[in-house]
Amino acid sequence: MKRSDIQHMPQFFDRYINLAPDIDIIDALQATAGILEEHTFKTSLEALQDKVYAPGKWTVKDIVQHIIDNERIMSYRAMRFARNDKTALPGYDEELFGANTTAATRTLEDLREEFTLVRQSTLALFKSFSDQMFHREGVSFNQQISPLALGFVLVGHPIHHVNVLKERYFPLIQA
């Protein structure tokens with residue numbers, strides 16, 4: 001199942017889905033599994049881990065924790081809808097979650113390792129879905145969305161944050 005197989009493009013989530021390549025969902029999830037591990041990128045993250053580009057913004061470690069939290073939440077939603085659960089699921093307050101983590105006391109290496117493990121779990125879950133299950137829909141954050149669309153959110157969401165890191169945080173290394 002490819003991104004172009006999404007039958008209903010949900011508003012808000014489309015900003016992440018559209019960052020994903022139009023390839024098989026399993027291949028796309030695998031391709032972004034190591035998004036935080038590329039050597040030059042990893043070195044830059046290490047140099048920036050506790051810095052912010054503006055007051056009130058998250059640190060690099062906070063962003064990585066957010067990516068992990070989002071992975072878990074979107075995977076859970078996908079599982080519920082794939083299993084034909086029609087219960088409307090609420091959104092989540094990313095600022096509340098961000099304010100209540102231990103990211104500041106953890107190492108970046110530990111956070112990257114957790115992302116790798118969570119992504120492996122996501123891959124196992126998505127490999128278990130049939131084509132029919134990928135196209136079932138449910139309501140999340142007041143939007144109709146399918147497990148397939150949620151899978152591509154999981155591909156595009158870390159890409160979005162990597163872009164933010166490169167655009168807003170990496171210039172701090174030069175300063």
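Note that the coordinates shown come from a computational prediction; the quantities given were computed from them, not determined experimentally.

Participant: What am I meant to see in the side chain of Asp69 here?
Facilitator: Positionally, Asp69 belongs in helix 4 (residues 60–82). Comment: no salt bridge for buried Asp69; closest opposite-charge side chain is Arg72, at 4.8 Å. Non-local contacts of Asp69, meaning those with residues more than four positions away in its chain, are made with Phe97 and Thr101.

Participant: Help me understand the nonpolar core, please; the structure alone is not making it clear to me.
Facilitator: One broad rule of soluble globular proteins: the nonpolar side chains tend to lie buried together. Counting 50 residues, the largest nonpolar core has Ile25, Phe126 and Phe152 as the members making the most contacts within it. Every element with two or more residues in this core is listed here: helix 1 (14–17), helix 2 (25–31), helix 3 (39–48), helix 4, helix 6 (108–127), helix 7 (131–135) and helix 8 (147–169). Among the elements that make up this core, the one with the highest residue count is helix 8 (twelve residues). Other than its neighbours up to four places away in sequence, Phe126 contacts Ile25, Ile26, Leu29, Ser75, Ala78, Phe134, Pro147, Gly151 and Leu154.

Participant: Which parts of the structure should I look at to understand helix 8?
Facilitator: Owing to its 3.6 residues per turn, the α-helix brings residues three or four apart onto one side. An ideal rise of 1.5 Å per residue puts 33 Å on 23 residues; helix 8 measures up with 32 Å between its terminal C-alpha atoms. Among the 23 residues in helix 8, 18 count as buried, and that is most of the element.

Participant: Sorry if this is basic, but what is going on with the side chain of Ser146 here?
Facilitator: Tracing the backbone through its elements, the reader meets Ser146 in the loop between strand 2 (143–145) and helix 8. Side-chain polar atoms of Ser146 contact the backbone nitrogen of Ala149, separated by 3.0 Å. In this view, Ser146 contacts Phe134, His135, Arg136 and Glu137; residues no more than four positions away in its chain are not counted.

Participant: Would you take a moment to explain the packing of helix 6 against helix 8 for this structure?
Facilitator: A packed helix pair is summarised by two numbers, namely the angle formed by the two axes and the spacing between the axes. Across the interface, helix 6 lies against helix 8 with an axial gap of 12 Å and an inter-helix angle of 155°. As far as their axial angle goes, helix 8 and helix 6 are roughly antiparallel. Handedness of the helix 6/helix 8 crossing: left-handed. Contacts from Arg119, Thr122 and Phe126 of helix 6 reach helix 8 at Pro147, Gly151, Leu154 and Pro158. The class makeup of the residues in the contact of helix 6 with helix 8 is four nonpolar, two polar and one charged.

Participant: Help me out: how do you make sense of unusual backbone geometry in this one?
Facilitator: Peptide bonds are trans in most cases, and residues, glycine excluded, mostly fall at negative phi. At Phe12, a residue that is not glycine, the phi angle is positive and equals roughly 75°. Looking at Phe12, the relative accessible area reads 33%, which means it is partly exposed. Positive phi is not limited to glycine here, since Phe141 has a value of about 55°. Tracing the sequence through the fold places Phe141 in the loop between strand 1 (138–140) and strand 2.

Participant: It is not clear to me how the environment of Leu172 should be interpreted in this structure. Could you clarify?
Facilitator: Relative to the elements of secondary structure, Leu172 occurs in helix 9 (residues 171–174). Through-space distance from the C-alpha of Leu172 to that of Met133 is 44 Å; in sequence the pair is 39 residues apart.

Participant: Help me understand the packing of aromatic side chains, please; the structure alone is not making it clear to me.
Facilitator: Geometrically, a pair of aromatic rings is defined through the distance of the ring centres and the angle of the planes. Going through the model one piece at a time under the given rule, you end up with ten aromatic pairs. Aromatic pair Phe12 and Phe141: ring centres 5.3 Å apart, planes at 55°, arrangement tilted. Highlighted residues: Phe12 in the segment before helix 1 and Phe141 in the loop between strand 1 and strand 2, separated in sequence by 129 residues. For Phe141, a relative accessible area of 38% puts it in the partly exposed group. Between the aromatic rings of Phe126 and Phe134, the centroid separation amounts to 6.0 Å while the plane-to-plane angle is 40°, which identifies the pairing as tilted. Across this residue pair, the class does not change: Phe126 and Phe134 are buried.

Participant: Teacher, can you tell me more about the pattern of salt bridges here?
Facilitator: Two side chains bearing opposite charge may form a pair once their charged atoms approach each other closely. Under the definition given, this model contains ten salt bridges. Taking the shortest distance from any N to any O, the salt bridge between Arg112 and Glu37 comes out at 3.3 Å. Of the two residues, Arg112 sits in helix 6 while Glu37 sits in the loop between helix 2 and helix 3, which places them 75 residues apart along the sequence. Looking at Arg112, the relative accessible area reads 1%, which means it is buried. Accessibility expressed as a relative area gives 29% for Glu37, which makes it partly exposed. Put simply, Glu46 and Arg112 hold a salt bridge, and the shortest N to O gap is 3.2 Å. Here Arg112 lies in helix 6 and Glu46 lies in helix 3, a separation of 66 residues in the sequence. What makes Glu46 partly exposed here is its relative accessible area of 33%.

Parameters and conventions
Residues numbered from 1 in each chain as written. Predicted model: local features only at pLDDT ≥ 70, side-chain atom pairs only at ≥ 80, totals over all residues. Heavy atoms only, no water. Helix = DSSP H or I, 4+ residues; strand = E, 2+ residues; numbered from the N terminus. Buried < 20%, exposed > 50% of the residue type's maximum accessible area, 1.4 Å probe, protein only. Lys, Arg positive; Asp, Glu negative; His and termini not counted. Salt bridge = Lys/Arg side-chain N within 4 Å of Asp/Glu carboxyl O. Contact = heavy atoms within 4.5 Å. Core = buried A, V, L, I, M, F, W, Y, C linked by side-chain atoms within 4.5 Å. Expected span 1.5 Å × (residues − 1). Polar contact = N/O pair within 3.5 Å; in protein donor to acceptor, adjacent residues only side chain to side chain. Axes fitted to C-alpha atoms, helices over the stretch in contact; angles between N-to-C directions. Parallel < 35°, antiparallel > 145°, perpendicular 65-115°, else oblique. Left-handed = near helix turned anticlockwise from the far one by under 90°. Nonpolar A, V, L, I, M, F, W, Y, C, P; charged D, E, K, R; others polar. Phe/Tyr/Trp six-rings, centres within 6.5 Å; stacked < 30°, edge-to-face > 60°.

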